[in-house]
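# Close look at the chain arrangement
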Amino acid sequence: GYDKDKPRRNAWPYRDYVIRAFNNDKPYSRFVQEQLAGDVLYPDDPDATIALGFIASGPWDFVGQVELKDDTTAKRLTRDLDRDDMVSVTMSTFVSMTAHCARCHDHKFDPIPQSEYYGLQSVFAGVDRADRPVDRDPGVFHRRNELLAERRAVDVALRPLEDAAEDISTPEIEALDKQVAQWKEINATDPENRPADIKQKIKEAALRRAALVKAALPPADVAKAEQLRARRAELTREMDELPKPELVYAAANYFEPQGTFRFPVTARPV
């Protein structure tokens, strides 16, 4: 936890993974590899993805990750501290050495310059902590990962188009947003109990706003976005036809967005 200490309902599979590893006398080298890069090194082994719960085991700043705006100093600081935790727990566990002092200065008692510390940070610059689906059946697991990889590629292509739509503004859109903000002040702390006519106006305004945004965008971008959303829906339907997966809270480079918490398209600059 952090400012908001929320339960991690899918952290337990990692605990069980560690117990299985000891009971099965898993070679220590493999045990380390799985916990740091299992999904890359052993992509068809469900246990190797569950093992990434190790990287996700530290504190997570809900306010900084989900509520703060992107491209702000506070957001960059949140992510820097998140990676710092990944570095410090990895080094303390597997090298028996602290390294995170070098975040601020060359480490006095261990030969770790700042450049090496930030090199270590860059190892984790492409992942966050999130729930990931895992299937015990290797065949289902393989197929789900294929679909997830394709859906991620679709989302990567879709993101700049959606960001452009989010940023677009016209006098008519601004006036509509101002009107909706006034309606939302009614029963702001209990929106479910707003008058029915206000709820209907807000709903109609959302449809109106979507139409205004669509009209203001280049037609080619609108067509491309609609094509990508259709493909995404197809991939989601295919995944829904697979058996329901388990979830594990682990290092992840793809997950459903939550507020401003979105998966990194590429490794973030360090």
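Please read all numbers here as calculations on a predicted model, not as lab measurements.

The rules behind each value
Residues numbered from 1 in each chain as written. Predicted model: local features only at pLDDT ≥ 70, side-chain atom pairs only at ≥ 80, totals over all residues. Heavy atoms only, no water. Helix = DSSP H or I, 4+ residues; strand = E, 2+ residues; numbered from the N terminus. Contact = heavy atoms within 4.5 Å. Areas by Shrake-Rupley, 256 points an atom, 1.4 Å probe, with all protein chains shown as cover. Lys, Arg positive; Asp, Glu negative; His and termini not counted. Charge placed at Lys NZ, Arg CZ, Asp CG, Glu CD. Axes fitted to C-alpha atoms, helices over the stretch in contact; angles between N-to-C directions. Parallel < 35°, antiparallel > 145°, perpendicular 65-115°, else oblique. Left-handed = near helix turned anticlockwise from the far one by under 90°. Nonpolar A, V, L, I, M, F, W, Y, C, P; charged D, E, K, R; others polar. Expected span 1.5 Å × (residues − 1). Buried < 20%, exposed > 50% of the residue type's maximum accessible area, 1.4 Å probe, protein only. Arc of directions from axis to C-beta. Bend = angle between axes of the 7 residues up to and from the residue. Polar contact = N/O pair within 3.5 Å; in protein donor to acceptor, adjacent residues only side chain to side chain. Pairing = 2+ DSSP bridges.

## Description of the overall build of the protein
Scanning the protein from terminus to terminus reveals ten helices and two strands. Helices (α) and strands (β) of the protein occur, in sequence order from the N terminus, as α-α-α-α-α-α-β-α-α-α-α-β. Each of the three principal axes of the protein carries a C-alpha extent, and together these read 65 × 50 × 40 Å. A sequence separation of at least 24 residues applies to 68% of the contacts in the protein between residues at least 6 apart. In the form shown here, the protein has an accessible surface area of approximately 15,600 Å², with 56% of it arising from carbon and sulfur atoms. One finds the centroid of the 40 positive side-chain charges in the protein at a distance of 3 Å from the centroid of its 47 negative side-chain charges.

## Regarding the packing of helix α1 (residues 12–23) against helix α2 (residues 28–41)
Geometrically, a packed helix pair is captured by the angle between its two axes and the distance between the axes. Where α1 meets α2, the closest approach of the two axes is 11 Å, and the angle between their N-to-C directions is 165 degrees. As summarised for this structure, α1 and α2 are arranged roughly antiparallel, according to the angle between their axes. Two packed elements cross with a definite hand, and for α1 against α2 that hand is right-handed. Contacts from Tyr14, Tyr17, Val18, Ala21 and Phe22 in α1 reach Phe31, Glu34 and Gln35 in α2. Across the contact of α1 with α2, the residue classes break down as six nonpolar, one polar and one charged.

## Structural notes on helix α8 (residues 171–184)
Relative to the 20 Å expected for 14 residues at 1.5 Å per residue, α8 spans 20 Å between its end C-alpha atoms, a close match to the ideal helical length. Taken together, the buried positions of α8 are Ile173, Leu176, Val180 and Trp183. Looking straight down α8, one finds that the buried residues subtend no more than 80 degrees of arc, so they occupy a single side. In α8, the exposed residues that point more than 90 degrees away from the buried face are Pro171, Glu174 and Lys178. Buried residues along α8 sit in contact with α9 (196–216).

## A look at unusual backbone geometry
Trans peptide bonds make up the majority, and among non-glycine residues the majority have a negative phi. Located in the positive-phi region is Asp25, a residue other than glycine, with phi close to 55 degrees. Among the structural elements, Asp25 can be located in the loop between α1 and α2. Of the residues examined, Asp25 reaches a relative accessible area of 66% and is grouped as exposed. Phi at Asp71 takes a positive value of approximately 60 degrees, unusual for a residue other than glycine. Considering the arrangement of structural elements, one finds Asp71 in the loop between α4 (62–67) and α5 (73–94). For Asp71, a relative accessible area of 72% translates into the label exposed.

## With respect to helix α7 (residues 138–167)
Helix length check: α7, at 30 residues, gives a terminal C-alpha distance of 42 Å against a target of 44 Å (1.5 Å per residue), a fit within 8%. Leu158 marks the point of greatest bend in α7, at about 35 degrees, and the proline Pro160 comes within the next four residues. The N-cap of α7, judged by a side-chain oxygen 2.8 Å from the amide nitrogen of Gly139 a few residues on, is Asp137.

## Some remarks on the pairing of strand β1 (residues 128–134)
Burial analysis of β1 places five of its seven residues in the buried class, the great majority of the element. Pairing of β1 with strand β2 (residues 246–252) involves seven bridges; the strand directions are antiparallel. When the bridges of β2 are listed, Arg129 appears paired with Ala251.

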